[in-house]
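Read off the chains here:
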Amino acid sequence: MAAAAAADAALAVRDLAKRYGDTDALRGVSFDVAAGEIFGILGPNGAGKTTTIECILGLRHPDGGSITIAGIDAMREPRRVKQIVGAQLQSTALQEKITPREALTLFASFYGNAIKPNELITRFSLGEKADAPFDSLSGGQRQRLALALAFVNDPAVVFLDEPTAALDPQVRRELHREIRQIKSAGRTVVLSTHYIDEAHQLCDRIAIIDRGRVVAVGQPDELVAASKTPARIVIRTSKPLDASRLREIVPSSVLREHAGEWHISSNEVTRTVTAIVSMVDGNELLDLQIHRPTLEDVYLELTGTPFGPSE
Amino acid sequence: MTAGLWQHFRLTLRLNLRSPRALVYGYIVPIFFLLAFGSVFRSGVPPLMREMGQLITISTLGGACFGMPTALVAERERGVWRRYRLLPVSLGGLVAGTMLARFLIIASAAVMQIALARGIYGTPFPAHPLQLLIAFTFVAFAFLGLGLVIAALADNVPAVQALGQAIFLPMIMIGGVGVPLRSLPAWAQQVAGFFPGRYAVESLQPCFNGNGLHHATFGLIALTIIGLAACVAGAKLFRWDAGSHVSRASWAWVAVAVCAGFAVGFTARSTGHLRPVPNLAGPLAGEPYESITEAQINSITFTDLNADDDTVTPLAHSLDSLSDEDRQRLANIRAKLDAWPPAHDGPDAQRVRNILSVAAIADYTQDPLEGQIARVVFDRLQADFDKELLTRILTWIILHPEQGAAITSAPELDLQGRVNEDVLRDRAMLYAKKLLGRLVGKIVD
């Protein structure tokens, strides 16, 4: 069954293992990526995200496991896989004096089904700098060139390793738009990212990796829905609420009063809110906020680490 | 994919021409070397002609062992090669393109040096340009292989400089590349046999002012072995990523490259290719054989010569009536003499003296075929040299027996024993007389 699923998937990773000396960087990483989906990989520093992508791309030799891309065994036929895969690595740098047009022409010349460099120059808004040396490009232009290079062979599966790292919000938004276009063109995208909101917005599904293991895989909303982290309800009234009465009507919730507000953690949001509102009778309800768990909460719950800059 | 490799090759060349640093290393430094050589060797006749092999070798060494690895390591540090690794192309193809581009860069610098040497110092163009191209290809191959090893071992660009100097300086100082072999002590000349620089110079130089590649077979083979071993080691040690390191097991490939140098050195030693190269200050600094006059030739007397069937300086009248065993041995000696470097390398006067030494050694060591060997030597000299030229050189040797270098043993020619140098010079002079007498018709066989 799993084998059949792997054959159908755009990418199937099974029991991927990698050791660096005495350290297990990957300890049986497994996940599938369906054709046409955007799949995110999240994890704290040193979790193994980049190592996973590098093993898939053949930049590192795994110590165990299997990788299948579009039905091709990537470890046995790396050259064949490279024909159908595109990749944008972290901090891709080219020669100082090479121009985007030259780089695209060079990379395109290695593929039989390459997209014309001029087409990529237009698509990735590089026209203005098409004939400028690489060392004169801005960070955003370099990232766009790296993306253009990833698409030079019109790949079936694209790997983007932290594509928006160190970019300003405007450029990041542009790249998000580009990545969505990639998906709409029917391509499969696998990305790791610094930004949890980016993962939530862009990805159809995500895998959370922690200490070399996949600790969760699913749609962002599913993961949030399955979270055991309680929702947080904040209520403020014109007159103080009766604490003992409050504890009586929502006995399973955690309550805390702070600066005239009650903060209530509850796994039964509807029942808790209904009960609280019913006891407010005769009092004025000034504010009522419901904070449901976010992907960040899920991440903290699964990894025990607050989300921060990734590896 | 072929189109990709072609694009990569062209782009490597183009980027090189855009880099000021590459231009300085590729063209300005070779000009500097030319001027440095010119200031030291311009008094030669013709100027610089005897040093062009060294000059081209230095430029090739610089381009291959500094220029190429510096570019490769700088690209690796930037992550260029890591990105190349994702392309559906073999390492061999990319590296071959890089090496080929560097070959053209070095070759263009060599052509520039030859043209500038002609323009500035009047150095003649090479006597055998096509053979020079062949020799240069072998030399560049060997040095580019070493450059590949340096690129693989160096973690960063400064490390390239350090490793490059570790190869460059020994070859310059004691490898016969910077300081001519003839000016080095005997031990250094032996050490030079373990470096490719010596073979590079020995292959290139005869293409400028010698017999071309006729007798450079050993040098070309040596360069091929060293280059092949270095290329294989460089490919095995190659690092796509600046973050990766050379594993302990991989160091075995460094040993392979080093062993190739040792294998070549020991083979050269055992086959007589590391024979000390004489300092030829005599013939060039004193009266040159070219200035020998008819009067000087006519002044030579032959009355002091021993008879040809005497025990001193015997000379067989013919090579007939030999036993099969002797005939076979003589054929072997003749064949070895054909490939004997001292018979081919260096100025004509020294070559004649070297060949005469063979007869002198056979004579003094009382070789059973001493007279026949002397006859083989005479035949050889008459075949190799124009009669008029040989007449002048023999006269010059007779008048200046103390000049030039003396070869006092030749085990590689199957001649046993060693001869005192003074005795050898005396016997060689006597044989010179015997041959001169025959050339000028004063001695009849």
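Above this text is the structure in question.
What follows concerns the overall build of chain A. Secondary structure summary: chain A contains twelve helices and 14 strands in total. Taking the principal axes of the C-alpha coordinates as reference, chain A spans close to 75 × 45 × 35 Å. Sorting the 311 residues of chain A into buried and exposed places 42% on the buried side. Within chain A, contacts between residues at least 6 apart in sequence are counted, and of these 71% link residues at least 24 apart.

A word on the sheet that holds strand E3 (residues 38–42) of chain A. Residues and elements named next belong to chain A. One open sheet holds the six strands; their spatial order is E6-E7-E8-E3-E9-E10, and the pairing between them is mixed. One side of each edge strand has no neighbouring strand; the edge strands of this open sheet are strand E6 (85–88) and strand E10 (213–218). Sheet twist, expressed as the mean angle between neighbouring strand axes with direction ignored, is 15 degrees. Pairing between E6 and strand E7 (residues 157–161): four bridges, direction parallel. Residue pairing for E7: Gln-88 is matched across the bridge by Leu-160. Taken strand by strand, helix H12 (residues 295–303) contacts E3, strand E9 (205–210) and E10, and its axis lies near 35 degrees from that of E9.

Here we come to the packing of helix H6 (residues 129–153) of chain B against helix H9 (residues 196–209) of chain B. Residue and element names in this part refer to chain B. Where H6 meets H9, the closest approach of the two axes is 8 Å, and the angle between their N-to-C directions is 170 degrees. In terms of orientation, H6 and H9 fall into the roughly antiparallel class. Crossing of H6 against H9: the hand is left-handed. Residue-level inspection shows Gln-131, Leu-132, Ala-135, Phe-136, Phe-138, Val-139, Ala-142 and Phe-143 of H6 in contact with H9, the latter providing Pro-196, Ala-200, Ser-203, Leu-204 and Cys-207. Of the residues contributing to the contact of H6 with H9, the split by class is eleven nonpolar, two polar and no charged.

Attention now moves to the sheet that holds strand E2 (residues 23–33) of chain A. Residue and element names in this part refer to chain A. Strands sit in the order E2-E1-E4-E5 across an open sheet of four strands; the sheet is antiparallel. Only two strands of the sheet have a single partner each, and these edge strands are E2 and strand E5 (72–73). Note that strand E1 (residues 11–20) and strand E4 (residues 64–69) share five bridges and pair antiparallel. The residue bridging Ala-17 from the neighbouring strand is Gly-64, located in E4. Helix H2 (residues 49–57) rests against E1, E2 and E4 of the sheet, and its axis sits at about 115 degrees to E1.

The rules behind the values
- Residues numbered from 1 in each chain as written.
- Chains lettered and ligands numbered in written order.
- Predicted model: local features only at pLDDT ≥ 70, side-chain atom pairs only at ≥ 80, totals over all residues.
- Helix = DSSP H or I, 4+ residues; strand = E, 2+ residues; numbered from the N terminus.
- Buried ≥ 20, exposed ≤ 12 C-beta atoms within 10 Å, placed from the backbone.
- Contact = placed C-beta atoms within 7 Å.
- Pairing = 2+ DSSP bridges.
- Axes fitted to C-alpha atoms, helices over the stretch in contact; angles between N-to-C directions.
- Parallel < 35°, antiparallel > 145°, perpendicular 65-115°, else oblique.
- Left-handed = near helix turned anticlockwise from the far one by under 90°.
- Nonpolar A, V, L, I, M, F, W, Y, C, P; charged D, E, K, R; others polar.

In short, geometric facts, not functional conclusions.
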